[in-house]
Amino acid sequence: MGILAHVDAGKTTLTERLLHLAGVIDEPGSVDSGTTQTDSLALERRRGITIKSAVVAFTLDDLVVNVIDTPGHPDFIAEVERVLGVLDGCVLVLSAVEGVQPQTRILMRALQRLGVPTLLFVNKIDRVGADVDAVLEAVRTRLTPAILPMGTAAGLGARSAAFTAYADHDRAFRERETVALAEHDDALLEAWLDGEDRTPDQLMSLVAEQTRAGDLHPVFAGSAATGAGVPELVAGIARLLPGPHDECVGGEPSGRVFKVDRGAAGEKVAYVRMFAGTLRARQRVELTGGRSGKVSGVEVFRDGRWTRAAEAHAGQVARLLGLAAVRVGDGFGTSARAEDHHFPPPTLEASVEACDPAQRPALRVALAQLADQDPLIAARTDENGRPTVSLYGRVQQEVIASTLADEHGIEVEFSEASVLHVERLRRVGTSIERFNTPTNPYWATIGLRLAPAAPGSGVVFDLDVPLRDLPLFLFTSVEHFTAVMERHVARALSRGPSGWEVTDCRVTLTETAYASWDGPPSQRGPLPTALDFRKLVPVVVRQAVADATTQVCEPVLMVSLEVPTRDAPQLLTLLGRWGTELTGQTSSGDLTRIDARLLAAHLHDLQHQLPDLTGGEGVLESRFDGYQPVRGRGPTRRR
Ligand SMILES: Nc1nc2c(ncn2[C@@H]2O[C@H](COP(=O)(O)OP(=O)(O)OP(=O)(O)O)[C@@H](O)[C@H]2O)c(=O)[nH]1
Ligand SMILES: [Mg+2]
């Protein structure tokens with residue numbers, strides 16, 4: 001189960017309450033004094049925000065609930081992304097004071113798209129200004145109308161604020177249940193109109209059914225700080241979210257790694273959600289992208305801590321030790337394919353310098369480690385040997401700097417961040433290098449066709465060659481060969497002619513061959529090695545990209561601004577100066593809403609100027625909307 005919310009809504013505090021209620025901890029810790037279970041990093045405790053997702057577990061009758069506490073700050077959205085794919089259910093937390101916030105909407109959209117069963121929890125009813133009815137109204141209009149309040153909150157704004165769940169037999173509640181359910185259940189609606197009554201139990205199982213299908217969202221309210229409403233939420237989790245799975249414990253183990261950590265000795269620790277089969281220590285796993293490793297130990301969360309276990313089986317969350325090559329997002333078994341992205345990629349890039357030049361090599365090693373835990377950081381080295389990282393924003397940059405200082409003893413400075421562009425192919429490009437020809441020093445043949453693909457589709461790799469041509473004596477299977485080739489191709493595409501990543505293309509292997517005993521004679525011996533393929537792929541990719549030629553594209557955001565109507569003209573002037581495309585403008589009362597497609601390059605400036613232009617009242621919400629071609633040649637990547 002995931003706990004998701006806008007920053008500061010109370011996810012970590014709620015997680016503590018859940019653990020306390022289940023008897024896992026004697027006293028709930030506090031974010032403000034840095035004593036919670038899930039904000040365990042020194043930096044999280046110092047800043048009072050969650051940076052990494054963290055897993056704890058408690059038992060509800062005979063059900064083990066693994067809880068993943070996630071960060072709410074938008075700079076760490078990648079952490080949430082990894083978690084989404086492993087959830088059976090979710091609690092989306094809102095603040096009873098702040099209500100629906102920008103990140104709440106972004107998260108809810110992703111949860112709905114994926115059909116994750118989601119309960120809502122309106123937190124902080126003890127805070128001054130709490131208004132549960134207003135929040136419910138905002139949820140209906142701005143998140144989803146498919147909600148069912150499960151009780152009422154009283155005494156709002158005081159420590160004694162309380163939540164009372166409606167009794168199942170409450171006549172008015174049953175009517176509201178029926179109305180909410182009828183939205184997706186015509187039979188129920190007809191029966192109700194015919195005056196046929198369902199029993200409270202029947203209605204509640206229909207609510208559970210629709211919740212599990214992601215069609216209905218029961219809403220609870222309370223206070224993670226005082227514990228009000230939390231027992232009712234727990235009862236809702238047990239009753240309404242999916243229960244134990246009939247997942248097949250036999251069969252090939254399959255799972256997904258949603259977090260990578262470092263143990264005390266610097267060794268990698270992979271957090272995995274098992275979907276099928278059983279994984280034991282000393283078992284080998286083939287990971288995404290052709291990497292593999294041997295599990296040296298398995299741990300599960302039991303009685304408040306990670307404990308050695310003999311195995312991890314379908315349905316469980318476990319920590320796997322010994323996988324040196326593992327990267328967050330990896331899968332194995334039937335989950336081996338790379339995950340789809342639910343949130344936008346980072347749009348900024350900055351180079352990093354060690355303040356002490358003697359630490360440059362250490363910095364490169366440290367960044368590579370960080371990139372294994374978060375591939376979106378995409379640490380790379382530019383031509384001058386200076387490392388660069390991709391970024392979501394300032395807070396993430398500060399966190400990387402603190403992590404390098406605290407955990408690796410390296411003080412760093414960042415260059416001014418610049419906008420990350422991409423390159424797209426203008427047309428189909430092909431290239432082929434055959435072995436034993438003057439231009440090809442490697443003992444292999446590779447032909448590739450690169451074709452432009454739909455925006456947002458990323459890089460897709462496929463084979464169009466007879467299986468007998470594949471060098472299967474070098475690779476364990478066709479899948480292994482494909483995964484390794486895919487990785488070489490992806491690496492080669494990470495820098496196009498202008499230096500940016502080439503994306504949205506379909507890469508097809510059109511020809512491959514290797515010398516065999518009866519092949520042509522060679523000075524280097526008759527058989528290729530994996531190295532021949534690794535070296536040759538980038539050469540052929542580069543030629544095919546040059547044949548296709550590329551177009552530099554820049555990131556664009558859909559922004560919604562809510563500003564006092566008197567300030568709207570000034571804002572429109574500013575947006576106009578940047579050539580921003582307006583997509584909508586509506587006024588209601590003294591508030592005006594402006595929707596526009598903004599070049600990501602202007603976001604920082606807009607965020608900076610908005611408070612001044614609107615007397616601090618303007619609200620900005622932005623969402624990645626893909627890349628668009630830059631007029632002219634476009635910038636080349638800073639080297
Ligand atoms: N009054 C009151 N304060 C709360 C409640 N829940 C959380 N807080 C406070 O709100 C602040 C944020 O709480 P967290 O639990 O860290 O929120 P979070 O959602 O985990 O925050 P991030 O992980 O950084 O996104 C802290 O100061 C908490 O003490 C509540 O129910 N009532
Ligand atoms: Mg938190």
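Residues numbered from 1 in each chain as written. Chains lettered and ligands numbered in written order. Predicted model: local features only at pLDDT ≥ 70, side-chain atom pairs only at ≥ 80, totals over all residues. Heavy atoms only, no water.

**Details of the overall build of the protein**
Let me state the cut-off plainly: A run of H or I in DSSP becomes a helix once it reaches four residues, and a run of E becomes a strand once it reaches two; helices and strands are each numbered from the N terminus. Two things to know: the radius of gyration comes from C-alpha atoms, and the globule rule equals 2.2 Å times the number of residues to the power 0.38. Accessible area is worked out with a 1.4 Å probe on protein chains only. A residue is then buried under 20% of its type maximum, exposed over 50%, and partly exposed in between. By definition, residues are in contact when any of their heavy atoms lie within 4.5 Å. Computed by Shrake-Rupley with a 1.4 Å probe, the accessible areas treat only the displayed protein chains as cover when residues are assessed. Within this scheme the basic residues Lys and Arg register as positive and the acidic residues Asp and Glu register as negative, but His and the chain ends are omitted. Lysine's charge is taken at NZ, arginine's at CZ, aspartate's at CG and glutamate's at CD.
The helix and strand tally for the protein stands at 15 helices and 34 strands. Since a compact globule built from 639 residues should have a radius of gyration of about 26 Å, the 27 Å found for the protein is in line with a globular shape. Its C-alpha atoms give the protein principal-axis dimensions of about 90 × 65 × 60 Å. The buried share of the protein, taken over its 639 residues, is 51%. Across the protein, the fraction of contacts at a sequence separation of at least 24, relative to all contacts at a separation of at least 6, is 72%. Surface exposure of the protein reaches about 28700 Å², of which carbon and sulfur atoms provide 50%. Of the side-chain charges in the protein, 66 are positive and 83 negative, and the distance between the mean point of each set is 8 Å.

**Focus on the pairing of strand β32 (residues 581-588)**
As a reminder, the rule being used: Should DSSP find at least two bridges between two strands, the strands are regarded as paired.
Strand direction decides the pairing type here: β32 and strand β33 (residues 591-599), joined by seven bridges, are antiparallel. Each bridged residue has a counterpart across the sheet, and for Ser588 the counterpart in β33 is Leu591. Joining the antiparallel neighbours β32 and β33 is a turn of two residues, in which Gly589 adopts a positive phi near 65°.

**Considerations on the coordination of the magnesium ion (ligand 2)**
Under the convention used in this document: Counted as donors are N, O and S atoms no farther than 2.8 Å from the metal, or 3.2 Å for Na, K and Ca; water is not among the atoms, and sites may therefore look incomplete.
For the magnesium ion (ligand 2), every protein donor is listed as Thr12 (OG1) and Thr50 (OG1), and the spread of their distances is 2.0 Å. With a gap of 38 residues between them, Thr12 in helix α1 (residues 11-21) and Thr50 in the loop between α2 (42-47) and β2 (54-60) connect regions that are remote in the sequence. Comparing Thr12 with Thr50, the two get one shared label, buried.

**Here we look at the sheet that holds strand β5 (residues 118-123)**
Where strands meet in a sheet, backbone hydrogen bonds hold them as pairs that are either parallel or antiparallel. For the record, the criterion: Inter-axis angles, ranging from 0 to 180 degrees, are taken between N-to-C directions of lines fitted to C-alpha atoms, where helices are fitted over the stretch in contact.
Spatially, the seven strands line up as an open sheet ordered β2-β3-β1-β4-β5-β9-β6, and their pairing is mixed. Sheet topology places β2 and β6 (147-149) at the edges, where each strand pairs with a single neighbour. The mean inter-strand angle of the sheet, taken between neighbouring strand axes irrespective of direction, is 30°. Pairing of strand β1 (residues 2-5) with strand β3 (residues 63-69) involves two bridges; the strand directions are parallel. From the neighbouring strand, Ile3 faces β3, where its bridge partner is Asp69. Each of β1, β2, β3, β4 (90-95) and β5 is contacted by α1, which is oriented at about 150° to β1, the strand it contacts most.

**Details of the site of ligand 1**
Selection rule: A molecule or strand has a residue near it when one of that residue's heavy atoms lies within 4 Å. We define a polar contact as two N or O atoms separated by no more than 3.5 Å, with the added condition that, inside protein, one atom must be a possible hydrogen donor and the other a possible acceptor, whereas residues neighbouring each other in sequence contribute only through side-chain atom pairs. Gly falls in the polar group here, along with every residue not listed as nonpolar (Ala, Val, Leu, Ile, Met, Phe, Trp, Tyr, Cys, Pro) or charged (Asp, Glu, Lys, Arg).
With respect to spatial proximity, 19 residues lie near ligand 1, and among them Lys11, Thr13, Asp32, Thr50 and Asp126 are the closest. Backbone polar atom of Asp8 to an oxygen atom of ligand 1: 3.1 Å apart, as the coordinates give it. When isolated, ligand 1 has an accessible area of 650 Å², and the protein chains bury 87% of it. If one sorts the elements of the shell around ligand 1 by residue count, α1 sits on top with three residues. Taken together, the residues of the shell around ligand 1 break down into six nonpolar, seven polar and six charged.

**Observations regarding the packing of helix α10 (residues 360-373) against helix α11 (residues 394-408)**
Quick note on the threshold: In this scheme the crossing of two helices becomes right-handed for a clockwise turn of the near helix relative to the far one and left-handed for an anticlockwise turn of less than a right angle.
Between α10 and α11, the least distance of the axes is 11 Å, while the angle of their chain directions is 115°. The two elements α10 and α11 meet at a crossing, and its hand is right-handed. Residues Leu363, Ala366, Leu367, Gln369 and Leu370 of α10 lie in contact with α11, whose contacting residues are Ile400, Thr403, Leu404 and His408.

**So, empty space enclosed by the protein**
For clarity, the cut-off: Here the term cavity refers to a set of points on a 1 Å grid, laid over the protein atoms alone, in which a 1.4 Å probe fits but cannot get out; the term pocket refers to an open set having protein on both sides within 12 Å along at least five of seven lines, with lining residues being those that place an atom within 4 Å of a point. Grid points are joined across faces, edges and corners, and a volume is the space filled by probe spheres set on the points.
Inspection of every chain in the model, using the stated rule, returns two cavities of 30 Å³ or more. Approximately 80 Å³ is the volume found for the largest cavity. Arg171, Arg174, Glu175, Thr178, Leu188, Trp192, Glu196, Asp197, Arg198 and Leu203 are the residues that line the largest cavity. Secondary-structure elements contributing two or more residues to the lining of the largest cavity are α6 (171-182) and α7 (186-193).

**Thoughts on a negative patch on the surface**
Stated formally: Here, patches come from residues exposed beyond 30% relative accessible area and free of salt bridges, joined within 9 Å for like charges and within 5 Å for nonpolar side chains (Val, Leu, Ile, Met, Phe, Trp, Tyr). Should a side-chain nitrogen of Lys or Arg be within 4 Å of a carboxyl oxygen of Asp or Glu, the pair is scored as a salt bridge.
A cluster of like negative charges, contributed by Asp186, Glu190, Asp194 and Glu196, occupies part of the molecular surface. If you trace the backbone, Glu190 turns up in helix α7. We classify Glu190 as exposed; its relative accessible area is 52%.

**Considering the sheet that holds strand β30 (residues 505-513)**
On the basis of which strands lie adjacent, the open sheet formed by four strands has the order β26-β27-β30-β28 and mixed pairing. Of all the strands in the sheet, the pair left with one neighbour each is β26 (429-433) and β28 (459-463). On average, each strand axis in the sheet is inclined to that of its neighbour by 15°, with strand direction left out of account. Relative to strand β27 (residues 445-452), β26 is paired through five bridges, and the arrangement is antiparallel. Looking at the pairing, Gly429 lines up with Leu450 of β27. Contacting β26, β27 and β30, helix α13 (residues 530-548) crosses the sheet at an angle of about 145° to β26.

**Comments concerning the packing of aromatic side chains**
Definition in use: Each Phe, Tyr or Trp ring (for Trp, its six-membered ring) is paired with any other whose centre lies within 6.5 Å, and the angle between the two planes then decides the class: stacked below 30 degrees, edge-to-face above 60, tilted in between. A ring is considered to have a charge above it if a Lys NZ or an Arg CZ atom is located within 6 Å of its centre and within 35 degrees of its normal.
Tallied over the full model, the rule gives ten aromatic pairs. For the pair Phe475 and Phe481, a centre-to-centre distance of 5.2 Å together with 70° between the ring planes defines the contact as edge-to-face. Comparing Phe475 with Phe481 shows no difference in burial state: the two are buried. Through pairs of rings, three or more aromatic residues link up here, namely Phe258, Tyr271, Phe301 and Trp306. Between Arg176 and the ring centre of Tyr166, over which it is positioned, the NZ or CZ distance is 4.8 Å. Taking the ring centre of Tyr271 as reference, the NZ or CZ of Lys259 above it sits at 5.3 Å.

**Quick word on the packing of α1 against helix α9 (residues 230-240)**
In plain terms, the rule: Working rule for angles: under 35 degrees goes down as roughly parallel, over 145 as roughly antiparallel, 65 to 115 as roughly perpendicular, anything else as oblique.
Where α1 meets α9, the closest approach of the two axes is 10 Å, and the angle between their N-to-C directions is 80°. In terms of orientation, α1 and α9 fall into the roughly perpendicular class. Touching Leu14, Arg17, Leu18 and Leu21 of α1 are Val230, Pro231, Leu233 and Val234, all from α9.

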